[in-house]
Amino acid sequence: MRKDVRILLVGEPKVGKTSLIMSLVSEEFPDEVPLRAEEITIPADVTPERVPTHIVDYSEAEQSDEQLYQEISKANVICIVYSVNNKKSIEKVTSHWIPLINDRTDKDSRVPLILVGNKSDLVEHSSMETILPIMNQYQDIETCVECSAKNLKNISELFYYAQKAVLHPTGPLYCPEEKEMKSSCIKALTRIFKVSDLDNDGILNDNELNFFQRTCFNTPLAPQALEDVKNVVRRNMTDGVKDNGLTLKGFLFLHTLFIQRGRHETTWTVLRRFGYDDDLELTQEYLFPLIKIPPDCTTELNHNAYLFLQSVFDKHDKDRDCALSPEEVKDLFKVFPYMPWGPDVNNTVCTNDQGWITYQGYLSQWTLTTYLDVQRSLEYLGYLGYSIIYEQESQAAAITVTRNKRIDLQKKQTQRSVFRCNILGARGSGKSGFLQAFLGRNLQRQRKIREDHKSFYAISTTYVYGQEKYLLLHEVMPDFDFLSEADLACDVVCLVYDVNNPSSFEYCARVYKQYFIDSKTPCMLIAAKSDLHEVRQQYSLSPLEFCRKHKFHPPQPFTCNTTDAPNKDIYTRLTTMAMYPHTRLRCMCACNRCTYCLCQKILKLELLRSIKAQLHRVVFNRLLGWVEGVGSHLLAEEESSLMQQVTAVSNVEESIYMEASAEQLMASDRHMAQADLKNSTFWLRASVGATVFAVLGFAMYRALLKQR
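Residues numbered from 1 in each chain as written. Predicted model: local features only at pLDDT ≥ 70, side-chain atom pairs only at ≥ 80, totals over all residues. Heavy atoms only, no water.

As a further point, take the sheet that holds strand S6 (residues 141-146). The strands making up a sheet associate through backbone hydrogen bonding, with each pair oriented either parallel or antiparallel. Taken in spatial order, the 6 strands make up an open sheet running S2-S3-S1-S4-S5-S6, and their pairing is mixed. The open sheet terminates on both sides in strands that have one partner only, identified here as strand S2 (40-42) and S6. In this sheet, adjacent strand axes meet at a mean angle of 20° when their direction is disregarded. Strand direction decides the pairing type here: S2 and strand S3 (residues 53-57), joined by 3 bridges, are antiparallel. Bridge pairing in S3 places Ile 42 opposite Thr 53. Taken strand by strand, helix H3 (residues 87-103) contacts strand S1 (5-11), strand S4 (77-83), strand S5 (113-118) and S6, and its axis lies near 160° from that of S4. In this fold helix H5 (residues 155-167) packs onto S1, S3, S4, S5 and S6, with an angle of close to 120° to the strand it touches most, S1. (Pairing = 2+ DSSP bridges. Helix = DSSP H or I, 4+ residues; strand = E, 2+ residues; numbered from the N terminus. Axes fitted to C-alpha atoms, helices over the stretch in contact; angles between N-to-C directions. Contact = heavy atoms within 4.5 Å.)

As a further point, take the pairing of S6. Note on strand geometry: in a regular strand, side chains alternate between the two faces of the sheet. Alignment of S5 against S6, held across 5 bridges, turns out to be parallel. Its bridge partner being in S6, Leu 113 is matched across the sheet by Ile 141.

Once that is clear, we can look at the pattern of salt bridges. Two side chains bearing opposite charge may form a pair once their charged atoms approach each other closely. Counted by the stated rule, this structure contains 20 salt bridges. A salt bridge links Glu 71 to Arg 6, with the shortest nitrogen-to-oxygen separation between them at 3.3 Å. Within this pair, whereas Glu 71 is found in helix H2 (residues 65-74), its partner Arg 6 is found in strand S1, the two being separated by 65 residues in sequence. Across the salt bridge formed by Asp 408 and Arg 416, the nearest N and O atoms sit 3.7 Å from each other. Each of the salt bridges in this network shares a partner with another, and the network as a whole consists of Arg 403, Lys 405, Asp 408, Arg 416 and Asp 491. (Salt bridge = Lys/Arg side-chain N within 4 Å of Asp/Glu carboxyl O.)

Time to look at the sheet that holds strand S16 (residues 457-464). The sheet built from 6 strands is open, its strands ordered S16-S17-S15-S18-S19-S20 with mixed pairing. The open sheet has two edge strands, S16 and strand S20 (556-558), and neither has a second partner. When the angles between neighbouring strand axes are averaged without regard to direction, this sheet yields 30°. When strand S15 (residues 418-425) meets strand S18 (residues 492-498), the two strands line up parallel, connected through 5 bridges. Residue pairing across strands places Leu 424 opposite Leu 495, the latter belonging to S18. Where helix H14 (residues 359-372) meets the sheet, its contacts fall on S15, S16 and strand S17 (467-475), and the angle it forms with S16 comes to roughly 110°. Strand contacts of helix H23 (residues 569-579): S15, S16, S17, S18, strand S19 (523-528) and S20, with the helix running at about 80° to S16, the strand carrying the most contacts.

In this section: the environment of Ile 55. Mapped onto the secondary structure, Ile 55 falls in strand S3. Residue Ile 55 is classed as buried on the basis of its relative accessible area, which comes to 1%. Placed 14 residues apart in sequence, Ile 55 and Thr 41 show a C-alpha to C-alpha distance of 6.4 Å. Not counting residues up to four positions away in its chain, the partners in contact with Ile 55 are Ile 7, Leu 9, Ile 21, Leu 24, Glu 38, Glu 39, Ile 40, Ile 42 and Phe 159. (Buried < 20%, exposed > 50% of the residue type's maximum accessible area, 1.4 Å probe, protein only.)

Right, let's talk about helix H7 (residues 206-217) for a bit. Helix length check: H7 (12 residues) gives 16 Å between terminal C-alpha atoms against 16 Å at 1.5 Å per residue, within 8%. By the burial criterion, the buried members of H7 are Glu 208, Leu 209, Asn 210, Phe 211, Phe 212, Gln 213, Thr 215 and Cys 216. Contacts made by the buried residues of H7 are with helix H6 (183-196), helix H8 (223-236), strand S10 (245-246), helix H9 (248-260), helix H10 (264-273) and helix H16 (386-389). Phi turns positive, to about 60°, at Asn 218, one or two residues after H7. (Expected span 1.5 Å × (residues − 1).)

This paragraph deals with the pairing of S4. By the criterion of burial, S4 is predominantly enclosed, with 7 of the 7 residues buried. Here S4 shows two buried faces, one formed by Val 77, Cys 79, Val 81 and Ser 83 and the other by Ile 78, Ile 80 and Tyr 82. Relative to S4, S1 is paired through 5 bridges, and the arrangement is parallel. Its bridge partner lying in S4, Gly 11 is registered against Val 81. Pairing of S4 with S5 involves 6 bridges; the strand directions are parallel. The residue of S5 that forms the bridge with Cys 79 is Ile 114.

This paragraph deals with the packing of aromatic side chains. As enumerated under the stated definition, the model contains 30 aromatic pairs in all. For the ring pair Phe 434 and Phe 558, a centre distance of 5.0 Å and an interplane angle of 75° mean the geometry is edge-to-face. Remark: Phe 558 occurs in strand S20 and Phe 434 occurs in helix H18 (residues 431-438); sequence separation between them is 124 residues. Taken as a pair, Phe 434 and Phe 558 share a single burial class, namely buried. Centroid distance Tyr 512 to Phe 546: 5.8 Å. Interplanar angle 75°. Geometry classified as edge-to-face. Pair noted here: Tyr 512 is in helix H21 (residues 505-516) and Phe 546 is in helix H22 (residues 543-549), with a separation of 34 residues, a long-range link. Judged on exposure class, the residue Tyr 512 and its partner Phe 546 are both buried. (Phe/Tyr/Trp six-rings, centres within 6.5 Å; stacked < 30°, edge-to-face > 60°.)

Within the largest apolar cluster, 70 residues are counted, with the highest numbers of intra-cluster contacts made by Ile 192, Leu 271, Phe 274, Leu 309, Tyr 362, Trp 366 and Leu 384. For Ile 192, the contacting residues outside a window of four places in its chain are Phe 212, Phe 251, Val 270, Leu 271, Phe 274 and Tyr 276. (Core = buried A, V, L, I, M, F, W, Y, C linked by side-chain atoms within 4.5 Å.)

If you want to describe how two helices pack, look at the angle between their axes and the distance between the axes. At a closest axis distance of 10 Å, the pairing of H8 and H9 adopts a crossing angle of 95°. One way to sum up the angle between H8 and H9 is to call them roughly perpendicular. Residues Val 229, Val 232, Val 233 and Asn 236 of H8 pack against Gly 250, Phe 253, Leu 254 and Leu 257 of H9. Residue composition of the contact of H8 with H9, grouped by class: 6 nonpolar, 2 polar and no charged. (Parallel < 35°, antiparallel > 145°, perpendicular 65-115°, else oblique. Nonpolar A, V, L, I, M, F, W, Y, C, P; charged D, E, K, R; others polar.)

Counted at 1.5 Å a residue, the expected span for H14 with its 14 residues is 20 Å, and the 20 Å between its end C-alpha atoms agrees. Regarding H14, the residues found buried are Gly 361, Tyr 362, Leu 363, Ser 364, Gln 365, Trp 366, Thr 367, Leu 368, Thr 369, Thr 370 and Tyr 371.

A separate point is the confidence of the model for the protein. On average, the protein scores 85 in pLDDT, and the residues at 70 or more come to 82%. Between residues 585-592, whose pLDDT stays under 50, and residues either more than four places distant or in other chains, the model counts 24 contacts. Note on residues 648-677: pLDDT under 50 across the span, and 15 contacts to partners over four residues away in sequence or across chains. (pLDDT = per-residue confidence, 0-100.)

Within this model, the largest pocket holds a volume of roughly 1,400 Å³. Forming the boundary of the largest pocket are 47 residues, of which Gln 139, Glu 142, Pro 169, Thr 170 and Gly 171 lie nearest the centre. Mapped by element, the contributors of at least two residues to the lining of the largest pocket are H2, helix H4 (128-137), S6, H5, strand S7 (174-175) and H9. Element by element, the count of residues in the lining of the largest pocket is highest for H5, at 4 residues. Residue composition of the lining of the largest pocket, grouped by class: 17 nonpolar, 14 polar and 16 charged. (1 Å grid on protein atoms, 1.4 Å probe; cavity = no way out; pocket = protein on both sides within 12 Å on 5 of 7 lines; lining within 4 Å. Points joined across faces, edges and corners; volume = space filled by probe spheres on them.)

Applying the stated criterion across every chain yields a total of 0 disulfides. Not engaged in a disulfide, the cysteine Cys 490 finds its nearest cysteine sulfur in Cys 421; these two sulfurs lie 6.8 Å apart. For the unlinked cysteine Cys 508, the closest cysteine sulfur is that of Cys 494, found at 9.0 Å. (Disulfide = S-S within 2.5 Å.)

Listed below in structure tokens is the structure:
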């Protein structure tokens, strides 16, 4: 909606242009009328639409043609004033003023016109019979108002209609000749209907109608009002109401009725609430709200955004198979002006056996878009109506901007959920296969992918210590001399070489030494195509020696030439390295050559196990003898103490004549004392044995597993 309205009054001399303005301001007819009134500004708080309004007068006696042309170009609406008792002034409307205005305005942005018949107090008849043919001839004419500056008749209505012609124009909505809405208006209202149809059944039920009413007009409809609306539609069309809900045809009919009855503001209120401008295009402010992203920060969807996207998925997954078929995808994106997802998306995220995007793949694609191009993600959320359905100020409420990565490194923890891994390697080294294997596709399935449908990205979820995280893989083109900042900006680097190609590793070594040797970004070396014969690499160091020299993990063997889906453990390791770049993970290899692998092999030897068992047996027997000796001594002392207690109790029994009860009590006490003694002896043996075993185990661990 415009922030202000500029109204220009033109017409022949002596028709009462200045008198109309002065009567509006002073609310009385002026005794003396100047040749031209000064520009008047009406504050927003006294106008019906709460928009400041500027009223500009034109005087042929005081202004030149050039000044008139400038005013026409600045005006939002032009009132052509004629005198109802002067036929010549009426003829000038079509012979002079309308052609003049049309010549000075663009055809694509014509200014709305209002015909004003002044001095209605001087005649008893109406001029509408003469004016109606003119209105039918020129589509730019919004309406015609007869008024009287002397009697103050329809003065305020005149300027209200002028303001309304700017803020709620008829032209973009309705075609008077064909008596139906224009295609652009139908398209916009159709999108609004689909966004408001929360269950995607093609009908607006009572709850959805109330939500729509509350969203647009801040008040719900009473039950009787809802029934009245449906009855109006039922009386005028047969398929406007279905299952006691409003269909798309009924929804469009209602807005056609509003426009035909002069209630343009109702339709415009709906359109503007859903982000449309005067040209029925979604505004830039609606699609691209302002969001600040500091350097070294990333963008992610928050919890509410994922809940909204989940509801959109459920809304369009009609067969409830947790995947979107091509028809369901098209239905989902009907509210978009174009198809946002191409065929490469199916090779970027997880799909089912039919190649349809799964629920996980659907959320992954949204996560990818938000991470790589947050403005595009905001635009998509705007088309789906996120801010309207979730009653947020804008789509920016769906975005979380993560904190600076340097702070994460300092605090040694991160709150991010999406981590980027750049895949570098020579041509033919297996980078694309590594990406597709992340999506669960073996070599046989990868061969079916068309060349023009390939993607340089792959994204899916992994679990690190029970937390679900997104890992984004990006295949970097093998151009050693021109790696951009985007190619280097990531959380973890994956260097891929072909074990069967002797010249493949050299590229990885050069890239690492050129760009990552002094970087804090963790790196992993992937020995791709490990199912093939491994050949010697034509480089001064072997891949394993290169890893030892630069102190990172040995090459990780990988192949996607498997019967089932490739193993995904390596992707979990990559995510873990990205989450905790400040820590060094345990050895991830099984080379049987490094210190860790040798120590593990020694610990698993049968000889070492037998020695450990024999040592444990000897120590346990000796401890058992010592514990039994201590236990015997404690038992003798306990029995002596018990005998003394028995003697004392007997003396008491004799003195109070309760021999029978005392004997039962002594037997019970003796039984409990012996049980407590056995229990304490058992726990003493167990604790001593556990302590000795822990000490021996720790000593062996220190001896065998020295820091690598």
